[in-house]
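# Structural description and commentary
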Amino acid sequence: MLLSVLYIIGITAEAMTGALSAGRRTMDWFGVMLVASATAIGGGTVRDILLGHYPLGWVKHPEFLVITCIAGVITTGFARWIIQLKGIFIRLDALGLVVFTIIGTNVGIEMGLHPFICVVSGLVTGVFGGLLRDLICRQTPLVLHHELYASISVMASSLYLTMLYFNVDILVTTVVTLIIGYILRMASVRFKWRLPSFKLENGETIH
Amino acid sequence: MLLSVLYIIGITAEAMTGALSAGRRTMDWFGVMLVASATAIGGGTVRDILLGHYPLGWVKHPEFLVITCIAGVITTGFARWIIQLKGIFIRLDALGLVVFTIIGTNVGIEMGLHPFICVVSGLVTGVFGGLLRDLICRQTPLVLHHELYASISVMASSLYLTMLYFNVDILVTTVVTLIIGYILRMASVRFKWRLPSFKLENGETIH
Amino acid sequence: MLLSVLYIIGITAEAMTGALSAGRRTMDWFGVMLVASATAIGGGTVRDILLGHYPLGWVKHPEFLVITCIAGVITTGFARWIIQLKGIFIRLDALGLVVFTIIGTNVGIEMGLHPFICVVSGLVTGVFGGLLRDLICRQTPLVLHHELYASISVMASSLYLTMLYFNVDILVTTVVTLIIGYILRMASVRFKWRLPSFKLENGETIH
């Protein structure tokens, strides 16, 4: 229940960030709806395809797709206001990352998969929406060279699995994971925590 | 039967447009066949993967894949002639769009999906081939910022579903959808009908 | 058994080439692991999704994914040494291409698919990892305009199927395919064998 409400807030916020990316590439309304939907529900879609977990969420619940399309089109009308709400979006995105991660981890658990694959399932759900957005809009994916993002997803998923393993109550586990994941993400934005990065010159290649 | 014949004409024409895109990126024959096939049968493939509708069309009917590969390679030899047939290709592409849309909508109906998802199924079938072509060839997808294209697919699919809902004969429904969809597409090319587009400056971002 | 050992060598080598590509785009460790994994196991993943062959290899054997992630991160520390081993990598990549092709062809055979689709299955397994790497790193895919690569995969797969058709022993078939495929690939690198390529000027378009 808690997760469902947070999920709908999460896909709405992600759809809006997708629509803004589409706007920077001057797309029409269809493009805006496509990028908004890919950003918001692309992570869960990729996860379900990789795990063979059919039917996809938005095929079973078309209302999710309707929400993301509407959120995308509304964004085109209120873009300047939304951009001024930047601070709120960073918070919603942090929350969405953890919510998507928990939902993805749960799918892995329900399918009886190996814990490592459950973490991958959470990671894909949390991170691939943004990756798809940046691929379609032809930007080098932000998630690959910015503050901790994927790592937060891996940590949140591992924490969640560990607490469940030690029989902690599922509601407590969910709330604790949400709080710790959110705080870690906001701290990494605030203090610019990053993973070590890897840089080669163009000439250095083995192809 | 009518749809099968039109489908084969459609994938041949789409394969040829894909091959021309590959040529503008100087690809070899394998690249040409890959882009040709992705353009022609990529939409149906993405649809079937999203809906979990296995086996894929070209796995069951390998001849479709053979046709697109041959059409692609033939295009490399006759590119200059084909380019002069531009007017014919715009017509074939318009027809293909509606044919693919109807086929995709039918898949949704057969799987007993929600009408909204049937429309999405038709849309993905009609539009994603061209999207894949532009992604592989690293162009900003045409479908996202040009004349009405995706919208025609949505309108055709909705018309088709509405007529079937009111028990209109399936052959009549198919022919009427083909004619109206084709006319709408050609009119939008002729009169440059477009969806409202959405443009932001690069600095306007919330990331 | 032979194929399993060669497979693990193959995914390790491919993961390392993926990590080097990520380094040329200055990605963080997560990006490195993502590109490394996509390069190494992306071909098999795309094949399994296209054929509806679930569960995916790395979902059933998470250790494969662990290997590619570790190989990717190790590469970041030893990049300069690895680059000097260029000659070894070209050999490992040639071997990997044939190994992946045989494994993919076998999946098609086990699923009872048409021989042409078995060849496509081998081709996708052999070639799509590199394609995904180049798409994520936003390079025009090497496989589409360099020495014979995809063609080697098609030839190896066809040879393999033909020998099995004539009831040659499976071990003999595998070893012969490996040797001939490897020699053909190394010869095409050495003598710069290429497929005819197809080039159009930018203005020549039918869109």
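Everything numeric in this text was worked out from a predicted model, so none of it was measured.

## A few points about the overall build of chain A
Counting secondary structure elements, chain A contains nine helices and two strands. When the helices and strands of chain A are read in sequence order from the N terminus, they spell out α-β-α-α-α-α-α-α-α-α-β. For chain A, the C-alpha radius of gyration of 17 Å lies close to 17 Å, the compact-globule estimate for 207 residues. The C-alpha extent of chain A, read off along each of the three principal axes, is 50 × 50 × 35 Å. The 207 residues of chain A split such that 56% are buried.

## Quick notes on the interface of chain A and chain B
If you look at the interface, chain A gives 39 residues, while chain B gives 35 residues. Carbon and sulfur atoms supply 72% of the area buried between chain A and chain B, which totals about 3,300 Å² over both sides. On the chain A side of the contact with chain B, R24(A), D28(A) and F30(A) bury the most area, a combined 21% of that side's loss. Taken together, the links from chain A to chain B amount to two residue pairs in polar contact (both at pLDDT 80 or more).

## Re the relation of the copies chain A and chain B
Each copy of the sequence occupies a distinct position, and chain A is placed on chain B by a rotation of 120° and an axial shift of 0.0 Å, giving an RMSD of 0.0 Å. Look at the turn and shift together and you get a three-fold axis relating the two. Proximity to the rotation axis, assessed at the C-alpha, singles out I49(A) in chain A; its C-alpha lies 4.2 Å from the axis. An asymmetric contact is evident, with only 10% of the interface residues of chain A recurring at the interface of chain B.

## Here we look at the interface of chain C and chain B
Across the boundary between the two partners, chain C contributes 35 residues, which contact 39 residues of chain B. Summing both sides of the interface, chain C and chain B together bury roughly 3,300 Å²; the carbon and sulfur share of this comes to 72%. On inspection of chain C and its partner chain B, the count reaches zero salt bridges. The interface formed by chain C and chain B holds two residue pairs in polar contact (both at pLDDT 80 or more) in total. For the side of chain C that touches chain B, a count of residues per class yields 21 nonpolar, 10 polar and four charged. Examined bridge by bridge, strand β1 (residues 27-28) of chain B and strand β2 (residues 197-198) of chain C share two bridges and lie antiparallel to one another. Its bridge partner being in β2(C), D28(B) is matched across the sheet by S197(C).

## Observations concerning the UniProt feature "transmembrane region" (unreviewed entry) in chain A
In this numbering, the UniProt entry assigns the feature "transmembrane region" (unreviewed entry) to residues 64-83, 88-107 and 172-191 of chain A. Within residues 88-107 of chain A, the helical portion is 100% and the strand portion 0%, while the C-alpha atoms at the span's ends are 28 Å from each other.

## Quick look at the UniProt feature "domain: Glycine transporter" (unreviewed entry) in chain A
Look at the UniProt record and you will see "domain: Glycine transporter" (unreviewed entry) annotated at residues 5-78 and 92-163 of chain A. Taken end to end, residues 5-78 of chain A has its terminal C-alpha atoms 24 Å apart, with 85% of it in helix and 3% in strand.

## Observations concerning the packing of aromatic side chains
All names here are of chain A. Under the counting rule described, the total for this entry stands at 18 aromatic pairs over all chains. Ring centres of Y7 and F100 lie 5.7 Å apart, and the angle between their planes is 55°; this geometry places the pair in the tilted category. Residue Y7 is located in helix α1 (residues 2-24), and its partner F100 is located in helix α6 (residues 86-110); the two are separated by 93 residues in the primary sequence. Taking the relative accessible area as the measure of exposure, F100 reaches 5% and is therefore buried. Here a set of aromatic residues connected by ring pairs shows up, and it is made of Y7, F64 and F100.

## Focus on helix α4 (residues 62-77) of chain C
Given a rise of 1.5 Å per residue, 16 residues ought to cover 22 Å, and the 24 Å separating the end C-alpha atoms of α4(C) matches this to within 8%. Looking at α4(C), one finds that the buried residues are P62(C), F64(C), L65(C), T68(C), C69(C), A71(C), G72(C), T75(C) and T76(C). The secondary structure elements touched by the buried residues of α4(C) are α7 (115-136) and β2 (197-198) of chain A together with α1 (2-24), α2 (29-51), α3 (57-60) and α5 (79-84) of chain C.

## Concerning the side chain of T125(C)
Residue and element names in this part refer to chain C. Examined against the element boundaries, T125 turns out to sit in helix α7 (residues 115-136). At 2.6 Å, the side chain of T125 and the backbone oxygen of S121 are in polar contact. Filtering out sequence-adjacent residues up to four positions away, T125 remains in contact with G43, G44, R47, F100 and G104.

## Things to note about the relation of the copies chain C and chain B
With an RMSD of 0.0 Å, the operation that places chain C on chain B is a rotation of 120° combined with a shift of 0.0 Å along the axis. A low fraction, 11%, of the interface residues of chain C reappear at the interface in chain B, so the copies pair through non-equivalent surfaces.

## So, a nonpolar patch on the surface
Residues and elements named next belong to chain A. Taken together, the side chains of L2, I170, L171, V175, I179, I180 and I183 make up a nonpolar region of the molecular surface, amounting to roughly 600 Å² of accessible area. In terms of residue count, helix α9 (residues 170-190) provides more of the nonpolar patch than any other element does, six residues in total. Residue placement: I180 occurs in helix α9. Judged by relative accessible area, which is 38%, I180 ranks as partly exposed.

## Thoughts on the state of the cysteines
All names here are of chain A. Under the criterion given, the structure shown has zero disulfides over all chains. You can see C137 has no disulfide; the closest cysteine sulfur is in C69, sitting 15 Å from it. Given a relative accessible area of 0%, C137 falls into the buried group.

## Let's talk about the pattern of salt bridges
Residue and element names in this part refer to chain B. Under the criterion given, the structure shown has six salt bridges over all chains. Two residues, R133 and D134, come together in a salt bridge whose shortest N-O distance is 3.1 Å. The same class applies to R133 and to D134, which are both buried.

## So, unusual backbone geometry
Cis rather than trans, the peptide bond between Y54(B) and P55(B) has omega equal to -10°. Within the secondary structure, P55(B) is located in the loop between α2 (29-51) and α3 (57-60). For T26(A), which is not a glycine, the phi torsion comes out positive at approximately 50°. Relative to the assigned elements, T26(A) resides in the loop between α1 and β1 (27-28).

Procedures and definitions
Residues numbered from 1 in each chain as written. Chains lettered and ligands numbered in written order. Predicted model: local features only at pLDDT ≥ 70, side-chain atom pairs only at ≥ 80, totals over all residues. Heavy atoms only, no water. Helix = DSSP H or I, 4+ residues; strand = E, 2+ residues; numbered from the N terminus. Rg over C-alpha atoms; globule rule 2.2 N^0.38 Å. Buried < 20%, exposed > 50% of the residue type's maximum accessible area, 1.4 Å probe, protein only. Contact = heavy atoms within 4.5 Å. Buried area = accessible area lost by both parts, 1.4 Å probe. Polar contact = N/O pair within 3.5 Å; in protein donor to acceptor, adjacent residues only side chain to side chain. Least-squares fit on C-alpha atoms with pLDDT ≥ 70 in both. Salt bridge = Lys/Arg side-chain N within 4 Å of Asp/Glu carboxyl O. Nonpolar A, V, L, I, M, F, W, Y, C, P; charged D, E, K, R; others polar. Pairing = 2+ DSSP bridges. UniProt positions renumbered as here; feature names shortened; annotations may be inferred. Phe/Tyr/Trp six-rings, centres within 6.5 Å; stacked < 30°, edge-to-face > 60°. Expected span 1.5 Å × (residues − 1). Patch = residues over 30% accessible without salt bridge, like charges linked within 9 Å, V, L, I, M, F, W, Y side chains within 5 Å. Areas by Shrake-Rupley, 256 points an atom, 1.4 Å probe, with all protein chains shown as cover. Disulfide = S-S within 2.5 Å.

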